[in-house]
Each structure stands twice: as structure tokens, then as C-alpha cells.
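# Structural overview
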Amino acid sequence: MTKFTMTGALLASTLLSVPAFAQDVTLTIESWRNDDLAIWQEKIIPAFEAANPGIKVQFTPSAPAEYNAVLNSKLDAGSAGDLITCRPFDASLALYEAGHLADVSDLEGMANFSPVAKSGWSTDDGSAQFCVPMASVIHGFIYNKDAFNELGIEEPKTEAEFFAALDKIKEDGSYTPMAMGTNDQWEAATMGYNNIGPNYWKGEEGRLALIAGEQKLTDEPWVAPYRQLAKWGAYLGDGYEAQTYPDSQNIFTLGRAAIYPAGSWEISGFNNLADFEMGAFAPPVANAGDECYISDHTDIAIGMNAKTENAEAAKTFLNWVGSAEFASLYANALPGFFSLSDHEVAMEDPLAQEFVSWRSECNSSIRSTYQILSRGTPNLENETWNASVAVIRGNETPEEAGARLQEGLASWYAPQQ
């Protein structure tokens, strides 16, 4: 009898804490992530609706390449959904400045995110946040455990161990040491320069110093990663210059390469394609015992249409996105997309757990070019792509690359002039 009474009291308390809606409210979510439609429909939305009777949710994604244009057209026409999935930095900042996204700084759920986690969806001065962070992706290296076991290679912790492993794989000849091409360019910067770079420029310390004009791209911490990249070409296999991103994925998952410079977004796809056990290691540090840094890049968030007619229901959903329940649901439904909240999330996928474990060992940072520094012409992000490729191919020295990028940035960015 006591147990029944307690259960009833708890149920009554729960019902009283849920906002009452006179009739069912339906929220519509705009997104570019059309690949995870089933996850929203089968896991995320049912969990929210169960906890929030009276609010229904529809997930209505667009094709990724068309999302920005489609969303802007809907916003201009007043037909956009109540909730807007937000890409990081300038595209979403422009929506906020145009009055399309509401300021969500005061939502209770925002208290669960650090300034770094919120940086992708904050104004430049950090005074306002316009989207609730959902997930980040982490950079590192995925490797073929069978290949490592065959060759007696341990996970490298230092740069010397990293190149010793590459040399051993190359000498054996059974595997391409690393699967990465330079045809599509972005991989060389994203899985190359911005993967290993934070260890050199000390993550947020260097990134913020570059934004402030206190460091330059010709300084040693920014040139040094190119020196490492200049050595990579010898290990990427024949024809890497014409090798595309899908080519690299196939070479690795077919078991023909031992190491893949990676982003954690590869985990789900690789799990489905590779028939060997995989491991992962963080970007090696220069010397044993050095402090380590990882690129833990803000990737996706969700905000509220400033003109929604269902603001209270939308806020209820956004607060739930900041909850421990959502963090666990999303991170485990999409292994490799990690919660940005302060909640402890137990990862079910072992490879995803390996990536996220680096957060407790290393300092997190975001890609150096994404905030503020790519707003002008030449665009520093795109310039970093071609500089990384040129250095790997031996068409440009690390020093020449740094000088060219610095000249381009200083041509339009006042703090670097």
C-alpha cells in the first residue's frame, strides 16, 4: 500500500511538472541530416513525446547540400519549422543576426554546456547563444588491429613512435601505411592539419591568440604541423594525389591500409563495412609526457525559429536537448557524434568510447579556421585545404605555406595587420 501511494505521488508530481497544453502542439524540426531520419522517428522523438504529453514532433530534413538555401527560403516566406538545426559558426550566426533564430541563452538546459561547447553558436563576444549544442566530432586515427597485431605494432603515443610504425608498415609491404588522398583537398586540412595541429598550437590557447592577432600563421606553432604533413606523402600509397575521399574509405574498410586519419563520424559506416577489429589513437604528441590536445569540433546544434507560434513547446524541447537523457540517446544512436553537454554519457560502441575517452586525458579545441577567420577573401579555411595538399605533395614548403596564408589573412583581417 505504501509503495502504491508513493508511486501515485511521484506520478502526480511528474504530471504537474510538465507544461499543460490545451490541445496537442506539433513542432516541426528543420535539418540537413537526412541520414538519421529513422533514428529521430524511432528513438529520439518517441522518448521526448513520452516525457512530454501534449507535444508532438515532426522531423523534416532537407538534402544536405540544399539545406541552407531551402531553409533561408522558408524563413523568408514564414513557412519554416519551429526548430532549426544549426550548422556551426557563421551560417547560423547570420540567421541570428537576421532575426530568424531566437536568443536561447536563458534556457535552463544551457547551463549544462561549457563556453567551448557553445562557441559554435554564440555571438563573437559570447554574450548571446542562439542554438542548443547537440554534438561534436573528434579527430584522431583509426587503425586496423589485425594489421598492428601481425606487425607487432603498439598504438603510437609520440611522433617518433608514429613514424616508426609507418616505416614498419611500409617496409613490410602488406598494407598501405595510411589511407588518405589529396584529390578532394578538404581531407588534408580536416584529417591532417587540424587533426595534428592542436598539439602544436596548444588548442584553444593558440586558436584564440590567432583570432586576437597575438600569434601569426608564420609562427612556429602554426608552421610545425605542416612539417609533419610534409612527411605524410611517403606513406599514403601510389596515386594518392588522385585518390578521392570515398577511395580512401574503401581502401581502409577493405583491409588494404593499416591507418586512417579520421573523424569520429566514420565510426558507424566503418562498423558496417570493415570485417576486422578497429582501434583508435589520439594525435601523437612530440615527446612522452607532453600535454595533449584534440580537435573536439562543434558540429551540430538546434535553435528556435524566432517567429514560431509554439515558443513554449519549442523551449520545452530545447531544454530536453540539454538533458542527460537526450545526450545518451543521441550519442549512442549515432556513435561518433558526441554529446557536448557536461553529463556523463556511457558509450555502447567501443570505438566511440575510445574517441570520447580522450576528453578526460587531453584538452579539447575546435578547428582553427572555423570561427571568425574565414569570413573574408581569401577564405582561410579553403586556403588551408590547398596549403595542406601542396605541402603533402611537396609543391610548397611549410614555411611558404605559412607565409602565403598569413599574407592572405592579413589582407582583410584587421587584428593580423
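Residues numbered from 1 in each chain as written. Predicted model: local features only at pLDDT ≥ 70, side-chain atom pairs only at ≥ 80, totals over all residues. Heavy atoms only, no water.

### With respect to the pattern of salt bridges
What the rule picks out here adds up to 14 salt bridges. Between Glu-277 and Lys-145 there is a salt bridge, with the nearest N and O atoms lying 3.4 Å from each other. Here Glu-277 is found in the loop between helix 13 (267-273) and strand 7 (278-281), whereas its partner Lys-145 is found in helix 6 (residues 145-151), with 132 residues between them in sequence. With relative accessibility at 26%, the residue Lys-145 sits in the partly exposed group. A salt bridge links Arg-359 to Asp-296; the nearest nitrogen and oxygen atoms lie 2.7 Å apart. Here Arg-359, found in the loop between helix 16 (350-357) and strand 10 (363-365), pairs with Asp-296, found in strand 8 (residues 293-304); they are 63 residues apart in sequence, far enough to count as distant. Here Arg-359 falls in the partly exposed class, since its relative accessible area comes to 26%. Three or more residues are tied together by salt bridges with common partners; here these are Arg-33, Asp-35 and Asp-36. (Salt bridge = Lys/Arg side-chain N within 4 Å of Asp/Glu carboxyl O. Helix = DSSP H or I, 4+ residues; strand = E, 2+ residues; numbered from the N terminus. Buried < 20%, exposed > 50% of the residue type's maximum accessible area, 1.4 Å probe, protein only.)

### Some details on the pairing of strand 7
Residues Met-278 and Ala-280 line one face of strand 7 and the alternating positions Gly-279 and Phe-281 line the opposite face, and both faces are buried. In terms of strand pairing, strand 4 (residues 132-144) meets strand 7 through 4 bridges, oriented antiparallel. Across the sheet, the residue bridging to Ile-142 is Ala-280, located in strand 7. (Pairing = 2+ DSSP bridges.)

### Observations concerning the side chain of Asp-36
The topology assignment puts Asp-36 in the loop between strand 1 (25-31) and helix 2 (37-51). With relative accessibility at 1%, the residue Asp-36 sits in the buried group. Those residues in contact with Asp-36 that sit more than four places away from it in its chain are Phe-59, Tyr-330 and Leu-334. (Contact = heavy atoms within 4.5 Å.)

### As for the packing of aromatic side chains
Evaluated as defined, the whole model comprises 29 aromatic pairs. Residues Phe-326 and Tyr-330 carry aromatic rings whose centres are separated by 5.4 Å and whose planes lie at 20 degrees to one another, so their mutual orientation is stacked. One end of the pair, Phe-326, and the other, Tyr-330, are both in helix 15 (residues 324-333), 4 residues apart, so they sit about a helical turn from each other. Take Tyr-330: its relative accessible area is 1%, and that puts it in the buried class. Three or more aromatic residues joined by ring pairs make a cluster, and in this case those are Phe-141, Tyr-143, Phe-148, Phe-162, Phe-163, Trp-232, Tyr-235 and Phe-281. Here Arg-33 stacks its cationic end above the ring of Phe-337, 4.5 Å away from the centre of that ring. Lying over the aromatic face of Phe-163, Lys-231 brings its terminal NZ or CZ to 5.0 Å of the ring centre. (Phe/Tyr/Trp six-rings, centres within 6.5 Å; stacked < 30°, edge-to-face > 60°. Lys NZ or Arg CZ within 6 Å of the ring centre and 35° of its normal.)

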